[in-house]
Amino acid sequence: QQQVKQSPQSLIVQKGGISIINCAYENTAFDYFPWYQQFPGKGPALLIAIRPDVSEKKEGRFTISFNKSAKQFSLHIMDSQPGDSATYFCAASHSGTYKYIFGTGTRLKVLA
Amino acid sequence: DAGITQSPRHKVTETGTPVTLRCHQTENHRYMYWYRQDPGHGLRLIHYSYGVKDTDKGEVSDGYSVSRSKTEDFLLTLESATSSQTSVYFCAISVGTRQNTQYFGPGTRLTVL
């Protein structure tokens, strides 16, 4: 019940294409869903986050789509750029616990 | 970087030796966390703290202990390091009205030979 399943493990996209990373969860008590971006040798950095009262959130080229009934959420990167090449982690949290459960990560490579 | 520093940034040690990693924050946040990151496992919570002297276990706490004697410092100790503890260790703090948003430090790469 505490798992967050992330797919795919790795993704290769052409420059200008759309990158899509998916996550699924079981625990319906989760109420905060952040995405993190991590470059080699660096700590994860918060990219964008959503709460379950909305179905979509957009920040620049990054969009989270949230499907509460399916217990799934996804990250879309529009017009993907080589500089987006990084590892992306989804996570889920229940505000009463102050703890995150992370997905296993997706390594994205955007070809120039 | 949310004012988080970790030390050392890199360490190589021998099996059986004690190791202490330090996380320091400058903004008086109440919640602090220690994670380890391994390929195929993502980030896994080791221990966390919700105040001075208040700590609790995460999902992979065996072989690790923590201490928090002041708000700004959260220490992670491997009492007797093993090769399975070779990993990258990240400290994080939690901010926000619901304590939901976590910010991470730069990490410590630990190699146990």
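In the block above lies the structure referred to throughout.
Residues numbered from 1 in each chain as written. Chains lettered and ligands numbered in written order. Predicted model: local features only at pLDDT ≥ 70, side-chain atom pairs only at ≥ 80, totals over all residues. Heavy atoms only, no water.

## Quick word on the overall build of chain A
A count of helical and extended segments in chain A gives zero helices and 11 strands. In chain A, the succession of helices and strands from N to C terminus is β-β-β-β-β-β-β-β-β-β-β. Computed over the C-alpha atoms, the radius of gyration of chain A is 13 Å, within 12% of the 13 Å expected from 2.2 N^0.38 for a compact globule of 112 residues. Here the analysis covers contacts within chain A between residues at least 6 apart in sequence; of these, 53% occur between residues at least 24 apart. Total accessible area on chain A is roughly 5,500 Å²; 49% of this is exposed by carbon and sulfur atoms. Measuring between centres, the 12 positive side-chain charges of chain A sit 7 Å from its 7 negative side-chain charges. (Helix = DSSP H or I, 4+ residues; strand = E, 2+ residues; numbered from the N terminus. Rg over C-alpha atoms; globule rule 2.2 N^0.38 Å. Contact = heavy atoms within 4.5 Å. Areas by Shrake-Rupley, 256 points an atom, 1.4 Å probe, with all protein chains shown as cover. Lys, Arg positive; Asp, Glu negative; His and termini not counted. Charge placed at Lys NZ, Arg CZ, Asp CG, Glu CD.)

## Examining the packing of aromatic side chains
Per the stated rule, a full pass over the model turns up 24 aromatic pairs over all chains. With centroids separated by 5.5 Å and ring planes inclined at 90°, the aromatic side chains of Phe102 of chain A and Tyr35 of chain B adopt a geometry described as edge-to-face. Of this pair, Phe102 of chain A sits in strand S10 (residues 99–102) while Tyr35 of chain B sits in strand S4 (residues 31–38), on two different chains. We note that Phe102 of chain A, like Tyr35 of chain B, is buried. (Phe/Tyr/Trp six-rings, centres within 6.5 Å; stacked < 30°, edge-to-face > 60°. Buried < 20%, exposed > 50% of the residue type's maximum accessible area, 1.4 Å probe, protein only.)

## Remarks on the nonpolar core
Among the nonpolar cores identified, the biggest contains 25 residues, and Val4, Phe33, Trp35, Phe73, Leu75 and Tyr88 of chain A are the most heavily contacted of them. Mapped onto this core, the elements with two or more residues apiece are strand S2 (10–14), strand S3 (19–25), strand S4 (33–38), strand S5 (45–50), strand S7 (62–67), strand S8 (72–77), strand S9 (86–94) and strand S11 (106–111) of chain A. By residue number, the principal contributor to this core is S9 of chain A, which donates four residues. Beyond its immediate stretch of four places on either side in the chain, Leu75 of chain A contacts Ser19, Ile20, Ile21, Trp35, Leu47, Ile48, Phe62, Thr63 and Tyr88 of chain A. Judged by nonpolar contacts, the second largest core, of 20 residues, contains Val19, Val60, Phe74 and Ile93 of chain B. (Core = buried A, V, L, I, M, F, W, Y, C linked by side-chain atoms within 4.5 Å.)

## Topic: a nonpolar patch on the surface
Residue and element names in this part refer to chain A. On the surface, Ile18, Ile20 and Met78 cluster together into a nonpolar patch covering about 240 Å² of accessible area. For Ile18, the position within the fold is in the loop between S2 and S3. On the basis of relative accessibility, which here comes to 47%, the residue Ile18 falls in the partly exposed class. (Patch = residues over 30% accessible without salt bridge, like charges linked within 9 Å, V, L, I, M, F, W, Y side chains within 5 Å. Salt bridge = Lys/Arg side-chain N within 4 Å of Asp/Glu carboxyl O.)

## Overview of the interface of chain B and chain A
Chain B puts 22 residues into the contact, and the matching count from chain A is 20 residues. In total, about 1,700 Å² of surface goes out of reach between chain B and chain A, with carbon and sulfur atoms giving 55% of it. There are zero salt bridges connecting chain B and chain A. Where chain B packs against chain A, one counts five residue pairs in polar contact (both at pLDDT 80 or more). Looking at the side of chain B that touches chain A, its residues break down into 10 nonpolar, nine polar and three charged. (Buried area = accessible area lost by both parts, 1.4 Å probe. Polar contact = N/O pair within 3.5 Å; in protein donor to acceptor, adjacent residues only side chain to side chain. Nonpolar A, V, L, I, M, F, W, Y, C, P; charged D, E, K, R; others polar.)

## Topic: the sheet that holds strand S1 (residues 4–7) of chain B
Residues and elements named next belong to chain B. Across the sheet, which stays open at both edges, the four strands sit in the order S1-S3-S8-S7 with antiparallel pairing between neighbours. Edge positions in the open sheet fall to S1 and strand S7 (64–70), since each of these has one partner strand only. Direction aside, neighbouring strands of the sheet carry axes that sit 20° apart on average. For S1 and strand S3 (residues 19–25), the ladder comprises four bridges, and the chain directions are antiparallel. (Pairing = 2+ DSSP bridges. Axes fitted to C-alpha atoms, helices over the stretch in contact; angles between N-to-C directions.)

Remember that the coordinates give geometry; whether it matters functionally is a separate question.
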